[in-house]
Amino acid sequence: MRVSVSWLREYVAFDAPLDAVAERLSVSSAEVEGIERRGVADVDGNLGLFRVGRVVDAGKHPNADRLQLCRVDVGEGEPRQIVCGAWNFGPGATVAVALPGAVLPNGMKLEQAKLRGVVSDGMILAEDEVALGTDHSGIMVLPDEWEPGTLLADALPLVEDILLVEATGNRPDLLSVYGIAREVAALFDLSLAPPPGRDPERAGDEPVDIRIEDFEGCPRYVGRLFRDVRIEPSPTWLKTRLLDAGMRPISNVVDVTNYVMLALGNPLHAFDHAKLAGGRIVVRRARPAEELRTLDGVDRKLEPDDLVIADAERAIALAGIMGGEETEIGEGTADVLLEAANFEPYGLFRTSERLRLRTEGSNRWEKGVDPYLAPQAAALATELIVELTGARWAGDVDVHGDLPERPIVHYRPERADALIGIETAPDEQRAILERLGFEAGSDEVVVPTWRARDVTREVDVIEEIARFRLGDVPFTLPSRRAMFGRLSREQRLRRRVEDVLVGLGLSETYTPSLRLDDLDPEALRLPEPISVELAVLRTSLLPSLVEAARRNAEVGNERIALFEIARVYPLGDGPLPREELHVGAVLEGPYARAKGAVEALYAALHAEPRFERAEHPLLHPVRAARVDAGIVGELHPELLEGTWSGFELDLRPLFAAAQEPVRYEDVITYPAVRQDLAFVVDETVTAGELVEAAREAAPEVREVRFVSEYRGQQIGPGKKSVALAVSFQSPARTLSNADAAELRGRIVRALAGLFGAELRA
């Protein structure tokens, strides 16, 4: 959340340096990611060169039809002559003026200049020229009561510091300026202003027809009716505050609803009352096959679990998420129905995620908004709507079910001392809690309504004390009286796998265990996902690694080689999935690179892989192989640009094949006899099958290694030639040529019998 410091100071007047406030908030309440400054530079008297001016006279420039020649009183006695390109003002208008020497927010220094032969001694400002908005269609026209010569910085927020606050999910009360002010007041023991908003006098008692059919989804609905509303652009101060908060100004009524949400944390919505069928609001669940076109122009299909705001005929808004296009506030709106409600968070979150529709309002509702906040939000909105639109507040209703009671928690001050590790006097503990809005007795604490969801136990109350005393807790290391234990076999082997892959030049990465989808259509889908993109428990590492490689390639990284060791969750026989520990990798390069990495892993574990032809949806249709622990191959060419390869192995069978510990074998001192053999076999016979059969042919066959494959006219269609390098060696004697010939014959006969292989050379 972006918090304007000037707005914050309206609720709590603090003198501490802003850096100190940000640091204290970060330690005790919510992370402050930074401080951003917006507006005119406040250096070397620059702000003094921005003044309120009044146009004494204005007319067409003598040498330019599109320019206006003005004389403007800026409080110096003699008016200044200024040339201006805007025509949305005339004599008597109050305007903002920059004098020569002023430096604008974009860095441009203003100088006295001649425009079409006429001297311009200043500049009449549009809002975007002083970073107060984005409008450049005309200059800012200020209130007539502002006196010429007044420093513009005293009337408008030309300079603003903005705190970038990231509240945790359990603190929705910090998603408002007043909530942050309450924390600052408590942390620095300062006075907190009352919540903003006071009901003006009501100008009517018209009935407001609000019906709640589902009190579980909507515990409370405050509806207020306004007549004779003038829809206009908001004043500069309001537009500036919305822009500083990262929101786009639209019109005075809509801007008021957003302003109140930012100020107090309770989202509001405004309907064009004339467009409500029957003039009625009904809070209900969606009907079968019901649809709604939301304000973003998208037709959305609703489900029976979706909570909607409806009129007498159809749904007109997704409760707490987004309004409907048919009842939006427009230029012709004269009557407005204001909604200040409270919605149950979990169902609203499910709807928001299913529709992939996230808004500032839904972000607050899904975290849980105080149901007692709605009337205060309605009061502030009513005050501003009446003031800014000239409307009459003509009707009011507050419909609600049984609202939750404030939690009462048993509390022991001595228990807080034991858990925090330092002593805090009971009276000081109670004072801290009371500054935060708690009512603290001798052994019970009454929790404020805005903290009722996250403070429910004694330890939660203790945490409130602890975050005020964190700076006093000394840094200590736990004492170690004994050291015992050692790595298990699996832990040792896992570290060896990591070391081998890092040694091969791969970088370890970490990817989420949850995905948008998965290769396995039966993968477990979470009933309450964190988000639509993180809804399925992965059953494979390769898809996530491919995405990580793609992101690296898109930003221009080269020689990409990533690996990950993590758990996957394939479905088992029961309702819960199995947990398997896999290692996966994606590398720039052809099949041989991934195959070499797999061979290196097996060699480090003193095991030997057996490669068999295989298929995999992410791998090349003819450049993929399977080993006993998983899959290896070249990535499908449609996945990534260029040539890539990868593998994924289940560590359980891989570790089972590991020779750990390594058993010693005597070194054979007799020389080996080496020969190369080439066999003609069918295309369907793999080199791995030939190697395995040759090894089994005789005990003296010490080593068999694949050399190459050849296809050509000499071989014939449907055939290939596979070359093997064979080593014969005996531990008892030196083998003769006759022995080698006998062993060679055994291999030839074995391969001929098993595969119909013909010796070619």
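Parameters at a glance
Numbers given for residues are sequential positions, taken from 1 along each chain in its written order. Per-residue local features of the predicted model are confined to residues with pLDDT of at least 70, and side-chain atom pairs are confined, for both listing and counting, to 80 or more; whole-chain, interface and lining totals are unaffected and use all residues. The side-chain quantities take in all heavy atoms of the structure and omit both hydrogens and water. Only DSSP runs of H or I reaching four residues or more are called helices, and only runs of E reaching two or more are called strands; each is numbered from the N terminus. Two things to know: the radius of gyration comes from C-alpha atoms, and the globule rule equals 2.2 Å times the number of residues to the power 0.38. Between buried and exposed lies partly exposed: a residue is buried under 20% and exposed over 50% of the maximum accessible area for its type, with that area taken using a 1.4 Å probe on protein chains only. Residue contacts are counted whenever heavy atoms from the two residues lie within 4.5 Å of one another. Throughout, the Shrake-Rupley method with a 1.4 Å probe supplies accessible areas, and for residues the shown protein chains are the sole cover considered. Take the buried residues of types Ala, Val, Leu, Ile, Met, Phe, Trp, Tyr and Cys, join any two whose side-chain atoms come within 4.5 Å, and each joined set is a nonpolar core. Only strands joined by at least two bridges in the DSSP assignment are considered to pair. Buried and open spaces are told apart on a 1 Å grid over the protein atoms alone, a cavity being a set of points where a 1.4 Å probe fits but cannot get out and a pocket being an open set with protein on both sides within 12 Å along at least five of seven lines. Residues with an atom within 4 Å of a point are the lining residues. Grid points are joined across faces, edges and corners, and a volume is the space filled by probe spheres set on the points. Here the axes come from fitting lines to C-alpha atoms, over the contacting stretch only for helices, and the angles between their N-to-C directions go from 0 to 180 degrees. Put simply, a crossing is left-handed when the front helix is turned counterclockwise from the back one by less than a right angle, and right-handed when it is turned clockwise. The classification used treats Ala, Val, Leu, Ile, Met, Phe, Trp, Tyr, Cys and Pro as nonpolar, Asp, Glu, Lys and Arg as charged, and all other residues, Gly among them, as polar. Take the number of residues in a helix, subtract one, and multiply by 1.5 Å to get its expected span. Working note: the arc is built from the helix axis to C-beta atom directions. Any angle that is under 35 degrees is reported as roughly parallel, and any over 145 degrees as roughly antiparallel; angles of 65 to 115 degrees are reported as roughly perpendicular and all others as oblique.

Draft legend 1. Looking closely at the overall build of the protein. Looking only at helices and strands, one finds 18 helices and 38 strands in the protein. In terms of overall dimensions, the protein is more spread out than a globule: its C-alpha atoms have a radius of gyration of 38 Å, far above the 27 Å expected for 761 residues. Residues counted as buried form 50% of the 761 residues belonging to the protein. Long-range pairs, those at least 24 residues apart, make up 68% of the contacts in the protein with a sequence separation of at least 6. Of the roughly 37400 Å² that the protein leaves accessible, carbon and sulfur atoms contribute 49%.

Draft legend 2. Spotlight on the nonpolar core. Leu8, Leu163, Tyr221 and Ile309 are the most contacted members of the largest nonpolar core, which totals 110 residues. Take this core: its biggest share by element is nine residues, from helix H6 (residues 252–264). With residues up to four places along the chain from it excluded, the contact list for isoleucine 309 reads Tyr221, Phe271, Ile281, Val282, Val283, Ala315, Ile316, Ala317, Ala319, Glu339 and Phe343. Judged by nonpolar contacts, the second largest core, of 30 residues, contains Val497, Val583, Leu587 and Leu601.

Draft legend 3. Fine view of the sheet that holds strand E25 (residues 444–446). Strand order in the open sheet formed by three strands is E23-E25-E24, and the pairing between neighbours is antiparallel. Each end of this open sheet is capped by a strand with a single partner; those strands are strand E23 (408–410) and strand E24 (439–440). In the sheet, E24 pairs with E25 via two bridges, with the strands oriented antiparallel. Bridging across to E25, alanine 440 finds its partner in valine 445.

Draft legend 4. Summary view of empty space enclosed by the protein. Within the structure shown, the criterion is met by three cavities of 30 Å³ or more. Roughly 50 Å³ of volume is contained in the largest cavity. Every residue lining the largest cavity is listed: Gly217, Arg285, Asp305, Asp306, Leu307, Ala319, Glu344, Gly347, Leu348 and Thr351. When residues of the lining of the largest cavity are assigned to their parent elements, the largest contribution, three residues, is made by helix H7 (residues 345–355).

Draft legend 5. Focus on the sheet that holds strand E36 (residues 701–710). Pairing within the open sheet is antiparallel, and its four strands lie in the order E36-E37-E35-E38. The strands lining the two open edges of the sheet, one partner per strand, are E36 and strand E38 (758–759). Bridging between strand E35 (residues 673–682) and E38 involves two bridges; their strand directions are antiparallel. The partner of valine 680 across the bridge, within E38, is glutamate 758. The strands that helix H17 (residues 687–696) touches are E35, E36 and strand E37 (719–728); relative to E36, the one it contacts most, it runs at about 155°. Where helix H18 (residues 737–755) meets the sheet, its contacts fall on E35, E36, E37 and E38, and the angle it forms with E35 comes to roughly 20°.

Draft legend 6. Layout of unusual backbone geometry. A positive phi angle is found at aspartate 189, which is not glycine, with a value near 55°. In this structure aspartate 189 comes out as exposed when scored by relative accessible area, which is 53%. For arginine 559, which is not a glycine, the phi torsion comes out positive at approximately 50°. Of note, arginine 559 is situated in the loop between helix H14 (542–554) and strand E29 (561–568).

Draft legend 7. Structural detail: the packing of H6 against helix H9 (residues 374–389). Interaxial distance between H6 and H9 falls to 9 Å at its minimum, and their mutual angle equals 145°. Crossing handedness for the pair H6 and H9: right-handed. Between H6 and H9, the contacting residues are Asn252, Val253, Val256, Tyr259, Val260, Ala263 and Leu264 on the first element and Gln376, Ala377, Leu380, Ala381, Leu384, Ile385, Leu388 and Thr389 on the second. In terms of residue class, the contact of H6 with H9 is built from twelve nonpolar, three polar and no charged.

Draft legend 8. Spatial organisation of helix H13 (residues 489–503). Its 15 residues place the ends of H13 21 Å apart at the C-alpha level, agreeing with the 21 Å of an ideal helix rising 1.5 Å per residue. Taken as a whole, H13 has its buried residues at Leu493, Val497, Glu498, Val500 and Leu501. Down the axis, H13 shows its buried residues gathered within 165° of arc, on one side only. Exposed residues pointing more than 90 degrees away from the buried face of H13 are listed as Asp499 and Gly503. Where H13 is buried, its residues touch strand E26 (507–508), E29, strand E30 (580–588), helix H15 (591–604), strand E34 (644–650) and helix H16 (651–657).

Draft legend 9. The arrangement of the packing of helix H2 (residues 18–28) against helix H4 (residues 177–187) in detail. Interhelical geometry of H2 versus H4 gives an angle of 95° and a closest axis separation of 11 Å. If you check the angle between H2 and H4, you find them roughly perpendicular. Across the interface between the two elements, Val21, Arg24, Leu25 and Ser28 of H2 pack against Ile180, Glu183, Val184 and Leu187 of H4. Classifying every residue of the contact of H2 with H4 by side-chain character gives five nonpolar, one polar and two charged.

Draft legend 10. Examining the layout of surface pockets more closely. Space inside the largest pocket adds up to approximately 910 Å³. Lining the largest pocket are 27 residues, and of these Lys595, Phe611, Ala687, Gly688 and Phe706 sit closest to its centre. Taken together, the elements giving at least two residues each to the lining of the largest pocket come down to H15, strand E31 (612–613), strand E32 (619–627), H17 and E36. Per-element tally for the lining of the largest pocket: the top contributor is H17, with six residues. Broken down by class, the residue content of the lining of the largest pocket amounts to ten nonpolar, two polar and 15 charged. Counted as a void, the second largest pocket has a volume near 790 Å³. In this structure, the second largest pocket is lined by 34 residues; those nearest its centre are Val254, Asn258, His269, Leu295 and Gly323. Where the lining of the second largest pocket is concerned, the elements lending two or more residues are H6, strand E14 (269–272), strand E19 (315–318), strand E20 (322–323) and helix H8 (360–365).

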